[in-house]
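Geometric and topological summary
Listed below are the residues making up each chain.
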Amino acid sequence: MSRQRVVKKNSGALRVTFDPYWLLFSPLTLQVLICRNYKGDVDMAEIDHFLPLLMTQEEEGLTCPIMSHGNVHFLWIKHTNLYLVATTNKNSNASLVYAFLYKVVEVFTEYFTELEEESIQDNFVVVYELLDELMDFGFPQTTDSKILQEYITQEGTKLEVAKTKVPTTVTNAVSWRSEGIKYKKNEVFIDVIESINLLVNANGSVMSSDIVGTVKLKTMLSGMPELRLGLNDRALFALTGRDKGKTVTMEDVKFHQCVRLSRFESDRTISFIPPDGESELMSYRINTHVKPLIWIESVIEKFSHSRVEIMVKAKGQFKKQSVANNVEVRVPVPSDADSPKFKTSTGHAKYVPEKNLAVWTIKSFPGGKEFLMRASFGLPSVENDEMEGKPPITVNFEIPYFTVSGIQVRYMKIIEKSGYQALPWVRYITQSGDYQLRSNF
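Residues numbered from 1 in each chain as written. Predicted model: local features only at pLDDT ≥ 70, side-chain atom pairs only at ≥ 80, totals over all residues. Heavy atoms only, no water.

**Remarks on the overall build of the chain**
- In terms of regular secondary structure, the chain is built from 7 helices and 24 strands.
- Residues classed as buried in the chain amount to 46% of the 441 residues present.
- Here the contacts in the chain between residues at least 6 apart in sequence split such that 68% fall between residues at least 24 apart. (Helix = DSSP H or I, 4+ residues; strand = E, 2+ residues; numbered from the N terminus. Buried < 20%, exposed > 50% of the residue type's maximum accessible area, 1.4 Å probe, protein only. Contact = heavy atoms within 4.5 Å.)

**Some details on the environment of S279**
- Locating S279 in the fold gives a position in strand 14 (residues 277-286).
- Of the residues examined, S279 reaches a relative accessible area of 16% and is grouped as buried.
- For the pair formed by S279 and K216, sequence separation is 63 residues and the distance between their alpha carbons is 5.9 Å.
- Beyond its immediate sequence surroundings of up to four residues, S279 is in contact with K216 and L217.

**Considerations on the pairing of strand 11 (residues 226-231)**
- By the criterion of burial, strand 11 is predominantly enclosed, with 5 of the 6 residues buried.
- The pairing of strand 11 with strand 23 (residues 409-415) spans 6 bridges and is antiparallel. By the bridge assignment for strand 23, L229 is matched with M412.
- Relative to strand 13 (residues 270-272), strand 11 is paired through 3 bridges, and the arrangement is antiparallel. Counterpart to R228 in the pairing with strand 13 is S271. (Pairing = 2+ DSSP bridges.)

**A closer look at the pattern of salt bridges**
- Inspection of every chain in the model, using the stated rule, returns 12 salt bridges.
- Measuring nitrogen to oxygen at the nearest pair gives 3.2 Å for the salt bridge that ties E251 to R285. Taken together, the positions of E251 in strand 12 (residues 251-255) and R285 in strand 14 put the pair 34 residues apart, joining distant regions of the chain.
- A residue is classified by how much of its surface remains accessible, and R285, at 22% relative accessible area, is partly exposed. (Salt bridge = Lys/Arg side-chain N within 4 Å of Asp/Glu carboxyl O.)

**Quick look at the environment of Q436**
- Its place among the elements puts Q436 in strand 24 (residues 423-437).
- In sequence terms Q436 and I296 are 140 residues apart; their C-alpha atoms lie 9.8 Å from each other.
- Excluding residues that lie within four positions of it along the chain, Q436 makes contacts with L198, L199, V200, P392, I393 and T394.
- At a separation of 3.0 Å, a polar atom in the side chain of Q436 contacts the side chain of D434. (Polar contact = N/O pair within 3.5 Å; in protein donor to acceptor, adjacent residues only side chain to side chain.)

**Some points on the pairing of strand 24**
- The sheet contact formed by strand 9 (residues 187-200) and strand 24 spans 13 bridges and is parallel. Residue pairing across strands places V188 opposite P424, the latter belonging to strand 24.
- Where strand 22 (residues 393-400) meets strand 24, 5 bridges bridge the pair, whose relative direction is antiparallel. Looking across to strand 24, one finds that I399 is bridged to T430.

**Observations regarding helix 1 (residues 50-60)**
- Those residues of helix 1 that fall on the buried side of the exposure criterion are F50, L51, L54 and Q57. Buried residues of helix 1, viewed axially, fall in a sector of 130 degrees; they line one side. Counted as exposed and oriented over 90 degrees from the buried face of helix 1: E59 and E60.
- At its buried positions, helix 1 is contacted by strand 4 (66-69), strand 5 (72-79) and strand 6 (82-88). (Arc of directions from axis to C-beta.)

**Some words on the sheet that holds strand 15 (residues 294-303)**
- In space, the 4 strands of this open sheet follow the order 15-16-21-18, with antiparallel pairing throughout. At either end of the open sheet lies a strand with only one pairing partner, and these are strand 15 and strand 18 (338-344). Each neighbouring strand pair of the sheet contributes to a mean axis angle of 15 degrees, computed without reference to strand direction.
- Here strand 18 pairs with strand 21 (residues 370-378) via 5 bridges, running antiparallel. Residue pairing for strand 21: K341 is matched across the bridge by S376. (Axes fitted to C-alpha atoms, helices over the stretch in contact; angles between N-to-C directions.)

**Brief notes about the confidence of the model for the chain**
- Mean pLDDT over the chain works out to 82, with 83% of the residues at or above the 70 mark.
- Between the elements of the chain, mean pLDDT differs from a low of 38, seen in strand 1 (residues 4-8), to a high of 96, seen in strand 22.
- Every residue in residues 1-18 scores below 50 in pLDDT, and together they form 153 contacts with partners more than four places removed in sequence or on other chains.
- Contacts of residues 156-165 to residues separated by more than four positions or lying in other chains number 1 contact, the stretch itself having pLDDT below 50. (pLDDT = per-residue confidence, 0-100.)

**Side note on unusual backbone geometry**
- Positive phi is not limited to glycine here, since S339 has a value of about 50 degrees.
- When you line up the elements, S339 lands in strand 18.

**Things to note about the nonpolar core**
- In this structure, L229, I270, F272 and L281 are the most contacted members of the largest nonpolar core, which totals 69 residues.
- Beyond its immediate stretch of four places on either side in the chain, L281 contacts V215, K216, L217, L229, K254, F255, H256, C258, V259, I270 and F272.
- By size, the runner-up hydrophobic cluster in this structure holds 30 residues, among which are I34, V104, V105 and L148. (Core = buried A, V, L, I, M, F, W, Y, C linked by side-chain atoms within 4.5 Å.)

**Quick look at the sheet that holds strand 24**
- Spatially, 12-14-10-9-24-22-17-20-19 is the arrangement adopted by the 9 strands of the open sheet, whose pairing is mixed. Bordering the open sheet on either side are strand 12 and strand 19 (348-352), each of which pairs with just one other strand. Strand-to-strand twist in this sheet, taken as the mean axis angle between neighbours without regard to direction, amounts to 15 degrees.

Structural data, given as C-alpha cells:
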C-alpha cells in the first residue's frame with residue numbers, strides 16, 4: 001500500500017494523504033504548511049484538486065469521505081479546523097487508511113494537547129519527526145504515543161546523546177511496552193463500560209436498541225507479564241462444553257494490538273502482554289432488545305396559546321439495589337417559550353433557552369423509584385405559524401456496579417517470570433449512549 005502524507009491549510013485545515021502524504025493548506029492562500037512525501041507515487045500537485053472537489057460537494061449537499069480526480073482518490077477526515085487527507089492511486093484498504101488518519105490525530109493530540117493550525121506551526125520539527133516514525137515508505141510503523149514520547153520530545157535542543165538511542169520497543173516484538181518497568185505494588189484495574197443506544201417511539205415501543213461495550217485497563221505491573229482474561233463469552237462456553245449460567249454473545253469485537261488474535265480465534269482465550277498504564281483492551285457490540293432502564297412518560301397541555309404545561313414522569317426500571325448517578329432528562333420545549341416555572345419531586349430543573357430545552361437533573365436515582373417534574377412556560381399571544389420539528393426526549397445517566405448485558409470477568413491470570421503476586425480489580429459501569437424517547441409534543 002503506497003502512501004503519501006501532507007498537511008495543508010484550510011482556514012486552518014489539516015490534511016494527510018496516502019501514496020505520497022500531504023498535510024494542510026488554506027483555500028485562500030493555497031500555501032503548503034507542511035509536507036512529507038514517502039514514495040512519490042502520486043504527483044504532489046494532485047492535492048490542488050482536493051479543495052475544489054470538496055467545495056463542489058458541499059454546495060450540492062453531497063459531501064463524501066472519499067473523492068476522486070482521475071485515477072487519484074482522496075480519503076479525508078476533519079478535526080477542529082484541520083483536514084487530514086490521504087491520497088492513493090491504488091485499490092488501498094480504506095479502513096486501514098482511516099484508522100491511520102485517526103491515529104495521527106490521537107498522537108498529535110497527545111503531544112500538543114490541542115491539534116489545530118497553530119500547534120502545527122509551532123512544532124514543525126516535532127511534526128516532521130513524528131511523520132517519519134508513524135510511517136515508513138508507505139507502511140504504518142510505530143503509532144503508540146507512549147513509545148514515541150520515549151525518543152521524540154518537544155525539547156529537541158535539550159536532548160542528551162544518551163537519550164538519542166532508539167528504545168528497544170521500536171524494534172522488538174512488543175512495541176507497545178518498554179522493558180525494565182518496576183512497581184512496588186503490582187496491580188491491574190479492569191473497567192467494563194457499557195453504553196446503551198436506545199430509540200423509543202411515541203407509542204412506547206422500542207424501535208432499536210443495542211449495547212456498545214469497552215474493556216479498559218490500567219496496568220501497574222513490573223517486568224513483562226502475560227495476562228489472560230476470561231469472560232462469560234457464549235462462544236467460549238459452547239466450545240468447551242460448559243454452556244451453563246448466564247453468557248453473552250459479543251459481535252464486532254475489536255482488540256488492542258497486544259492481544260494474540262490467533263489464540264482468541266482458536267480457543268477464545270484473551271491472552272496478551274499489556275501496555276503500561278491506561279489502555280483500551282477491547283470493544284464489542286451486543287445487538288439485543290434492551291428494556292429502557294429509565295422510562296420517561298410525558299404530557300403537554302396548551303392553554304389558549306398563552307402558556308404551556310409539561311409533566312414528565314421518570315421511572316427507574318433496573319434493580320432496586322442499583323442507583324443511577326447524575327441523571328439528566330432533557331425535555332424539548334417550544335422555541336418561543338418564556339417565563340419558566342418548575343416543580344420537581346426530587347432534583348432540580350432549569351431552562352436552557354439557547355437549546356430550547358428544560359433540563360431536569362437528579363443526582364441519585366434508585367432503581368424502582370418514580371419521580372415527577374412539572375414545568376410551566378409562557379407563550380407569546382401571537383401563535384407561531386411556523387411548523388416546528390418534534391425532537392425526542394434524551395436521557396443521560398450512569399449506573400455503577402452493573403452491566404445490562406450481564407457480561408462478567410470470570411478470571412484474570414497474571415503470569416510473570418519473577419513470580420510476584422498481583423491484585424486484579426474489576427469495576428462495571430452502565431451508561432447512556434444515544435438514548436432517545438420520542439414524545440407527542
